[in-house]
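Architecture at a glance
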Amino acid sequence: MERTRPVVLVAGLGDTGILVATRLARTCSVVGVATRPALVSGQELGTRLVDPDRWRRTYLVPFRRFRHLDAVRLVHGRITAVDLDARNATVTCADGTTETVHYDALVVATGVSNGFWRHDRVQDLAAVEAEIVAAGAELGRATTVAVVGGGATGVSVADNLARTQRAEVHLFHSGDEPLPGYHPRVRRWITGHLHRAGVVVHPGHRAAVPDGFVGDSLTHDPVAWSTGQEPFAADVTLWATGRVRPHTGFLPPAVLDPDGFVTVDDHLQVPGHPEVFAVGDVAASDPLRSSARNWGYGVVVANVRTVVGGRRGRLRRYRAAPYRWGSVLGLQADGLTVVQPNGRRFRFSRRIAERLLFGSFVTRYLYGGLRRDPTP
Ligand SMILES: Cc1cc2nc3c(=O)[nH]c(=O)nc-3n(C[C@H](O)[C@H](O)[C@H](O)COP(=O)(O)OP(=O)(O)OC[C@H]3O[C@@H](n4cnc5c(N)ncnc54)[C@H](O)[C@@H]3O)c2cc1C
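Quick caveat: nothing in here was measured; it's all calculated off a predicted structure.

A word on the domain arrangement of the chain
Parsing the chain into structural domains produces domain 1 (7-114 + 244-366) and domain 2 (141-239). Relative placement of domain 1 and domain 2: their C-alpha centres are 28 Å apart. Listed per partner, the contact involves 17 residues of domain 1 and 16 residues of domain 2. By residue number, the principal contributor to the side of domain 1 that touches domain 2 is helix α2 (residues 45-50), which donates five residues.

Considerations on the site of the ligand
Close contacts around the ligand come from 29 residues, with Gly12, Gly14, Gly111, Gly280 and Gly326 the closest. Going through the elements one at a time, β2 (29-34), β5 (73-83) and β19 (326-327) are the ones with two or more residues in the shell around the ligand. Within the shell around the ligand, the residues separate by chemical class into nine nonpolar, 14 polar and six charged.

A word on the sheet that holds strand β8 (residues 105-108)
Ordered by their spatial adjacency, eight strands build an open sheet running β7-β6-β5-β2-β1-β8-β17-β16, and the pairing between neighbours is mixed. Every interior strand has two partners, whereas the edge strands, β7 (98-102) and β16 (269-270), have only one. Two elements, strand β1 (residues 7-11) and β2, share five bridges in a ladder whose sense is parallel. In the strand pairing of β2, Leu9 is matched with Val31.

Structural notes on the packing of helix α5 (residues 152-164) against helix α6 (residues 184-197)
One way to put it is that α5 packs onto α6 with a least axis distance of 9 Å and a crossing angle of 25 degrees. With respect to their mutual orientation, α5 and α6 come out roughly parallel. The two elements α5 and α6 cross, and the hand of that crossing is left-handed. Facing α5, whose interface residues are Val155, Ala158, Asp159, Ala162 and Arg163, α6 presents Ile190, Leu194 and Ala197. Classifying every residue of the contact of α5 with α6 gives six nonpolar, no polar and two charged.

Examining the nonpolar core
If you look at the biggest cluster of nonpolar residues, it comprises 56 residues, and the most contacted ones within it are Val20 and Val107. When residues no more than four places from it in sequence are discounted, the contact partners of Val107 are Val8, Val10, Ala11, Val20, Phe277, Val279, Val300 and Val304. Counting 39 residues, the second largest nonpolar core, distinct from the first, contains Val148, Val157, Trp239 and Val328.

Focus on helix α3 (residues 52-59)
For α3, every residue scored as buried is listed here: Trp55, Thr58 and Tyr59. Buried residues of α3 fall within an arc of 80 degrees about the axis and therefore sit on the same side. In this fold, the buried residues of α3 make contact with α2, β4 (60-62) and α8 (350-366).

Brief notes about the pairing of strand β21 (residues 345-348)
Where strand β20 (residues 336-339) and β21 come together, four bridges link them in antiparallel fashion. Within β21, the residue paired with Leu336 across the bridge is Phe348. In sequence, β20 turns back onto β21 through a hairpin of five residues, with Gly343 there showing a positive phi of about 90 degrees.

Re unusual backbone geometry
The phi dihedral of Leu179 falls on the positive side, at around 60 degrees, and the residue is not glycine. Locating Leu179 in the fold gives a position in the loop between β11 (168-172) and α6. Here the phi dihedral of Leu268 falls at roughly 60 degrees; this positive angle occurs in a residue that is not glycine. With respect to the element layout, Leu268 can be found in the loop between β15 (262-263) and β16. Under the C-beta neighbour-count criterion, Leu268 is labelled buried, with 27 such atoms within 10 Å.

A short note on α6
The first and last C-alpha atoms of α6 sit 20 Å apart over 14 residues, in line with the 20 Å expected at 1.5 Å per residue. For α6, the elements touching its buried residues are α5, β11, β12 (200-202), β20 and β21. Where α6 terminates, the next one or two residues include Gly198, which has phi positive at roughly 95 degrees.

Examining the packing of helix α1 (residues 17-24) against helix α7 (residues 296-308)
It is the contact of α1 with α7, at a shortest axis distance of 9 Å, that shows an interaxial angle of 35 degrees. The chirality of how α1 crosses α7 is right-handed. Residue-level contacts link Leu19, Val20, Arg23 and Leu24 of α1 to Tyr297, Val300, Val301 and Val304 of α7. Split by residue class, the contact of α1 with α7 holds seven nonpolar, no polar and one charged.

Some remarks on the pairing of strand β10 (residues 144-148)
With four of five residues buried, β10 lies mostly within the body of the structure. Pairing between β10 and β11: five bridges, direction parallel. Its bridge partner being in β11, Val145 is matched across the sheet by Val169. Of the crossover connections in this fold, the one passing from β10 over α5 to the parallel β11 is right-handed. Pairing of β10 with strand β13 (residues 236-239) involves four bridges; the strand directions are parallel. In the sheet register, Val148 faces β13, and the bridge partner there is Trp239.

What about the environment of Glu168?
Structurally, the position occupied by Glu168 is in strand β11. Taking the C-beta count within 10 Å as the criterion, Glu168 has 17 such neighbours and is therefore assigned partly exposed. Expressed as a C-alpha distance, the spacing of Glu168 and His273, which sit 105 residues apart in the sequence, is 52 Å. For Glu168, the residues in contact, after removing those within four places along its chain, are Thr143 and Thr144.

Parameters at a glance
Residues numbered from 1 in each chain as written. Predicted model: local features only at pLDDT ≥ 70, side-chain atom pairs only at ≥ 80, totals over all residues. Domains from an automatic or database assignment. Contact = placed C-beta atoms within 7 Å. Helix = DSSP H or I, 4+ residues; strand = E, 2+ residues; numbered from the N terminus. Near = placed C-beta within 6 Å. Nonpolar A, V, L, I, M, F, W, Y, C, P; charged D, E, K, R; others polar. Pairing = 2+ DSSP bridges. Axes fitted to C-alpha atoms, helices over the stretch in contact; angles between N-to-C directions. Parallel < 35°, antiparallel > 145°, perpendicular 65-115°, else oblique. Left-handed = near helix turned anticlockwise from the far one by under 90°. Core = buried A, V, L, I, M, F, W, Y, C linked by C-beta atoms within 7 Å. Buried ≥ 20, exposed ≤ 12 C-beta atoms within 10 Å, placed from the backbone. Arc of directions from axis to C-beta. Expected span 1.5 Å × (residues − 1). Right-handed = clockwise from strand over helix to strand, strands pointing away.

Take a look at the structure:
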């Protein structure tokens, strides 16, 4: 008699949820709940705005193209409640119906809201496309752009917009150097790089954010500064202040930290609930909450297999890097620069980045192979 496979519910199929679901589908019965029928990555906002076709190739991928999602039951909707004792999740589906999913293990990978490019709204592909086109068009018409926020997103947007030479681009940030959380050498390098790219960088500017505004739309009014400078008027202002809001409203407060992120231990397991894991931006895994890019998905996949398999094997530990790392500016005409936790950086030529990094590593290794899209 065939043994029934354990049911693993993956909540959220973004950058990390997709990696977890595709791997666990080999040994478990996986249900993936996704707000959109596609991977819509929050990465590389700069290239998304100025080179959307290139961005789409890696970061907007309909689920039907993932070979390894064939074995996953996809539910298009949003989880609205979880009963951790009964192991049930309630999903409000895109068609308005409600479904209850019973699970043996739950992986929370619902990410965070950040600006207009990361959210938990239920959408179809047409709505996703419309958002991408609208933001790009609005910025494309501007002759002066203000970018508020010196993290990876703000820097990526300012650099990519300035390189188009269609607008004067001003980047405002509150510290001495952009990219907090990155190695000091990376922070020094980026300041010089932004100047060379033509970005006017304004350190020491902390924006007075209008009451109730969470930065989820482009704005047109002058920006005021709580640090005392004169207000700055640009045709368009993009807010990338890093005020992230975790998507955890469906979980009981007992499993959340004071900021609303999911509390996890070294195994990315929720204390007191050995069958519940969290990974990605939603997981309070380390001060930088960096389990997405530090291969947390591999830790969760191994540990879920151990737990649902009833094995007593040692669980894998998650190790965070001391500084943020990765690509900040995205793929450019002169290649792709990747910064390291130790402050070093290296550049792949555009050809190598296209072929080896995006073609082989991301598409084949990380995504497990993609079908050509018959309706691009
Ligand atoms: C391998 C890898 C490499 C990376 N490299 C870089 C890099 O070089 N540079 C860089 O800047 N960043 C990099 N990143 C990280 C990236 O910046 C973010 O950390 C990552 O996009 C966050 O992924 P996530 O899955 O946590 O969230 P998201 O990708 O935002 O996915 C969360 C999903 O869950 C959905 N959701 C929310 N609430 C619910 C709900 N109630 N029910 C169902 N679904 C819900 C959301 O709508 C969203 O679709 C990398 C990430 C990975 C995985």
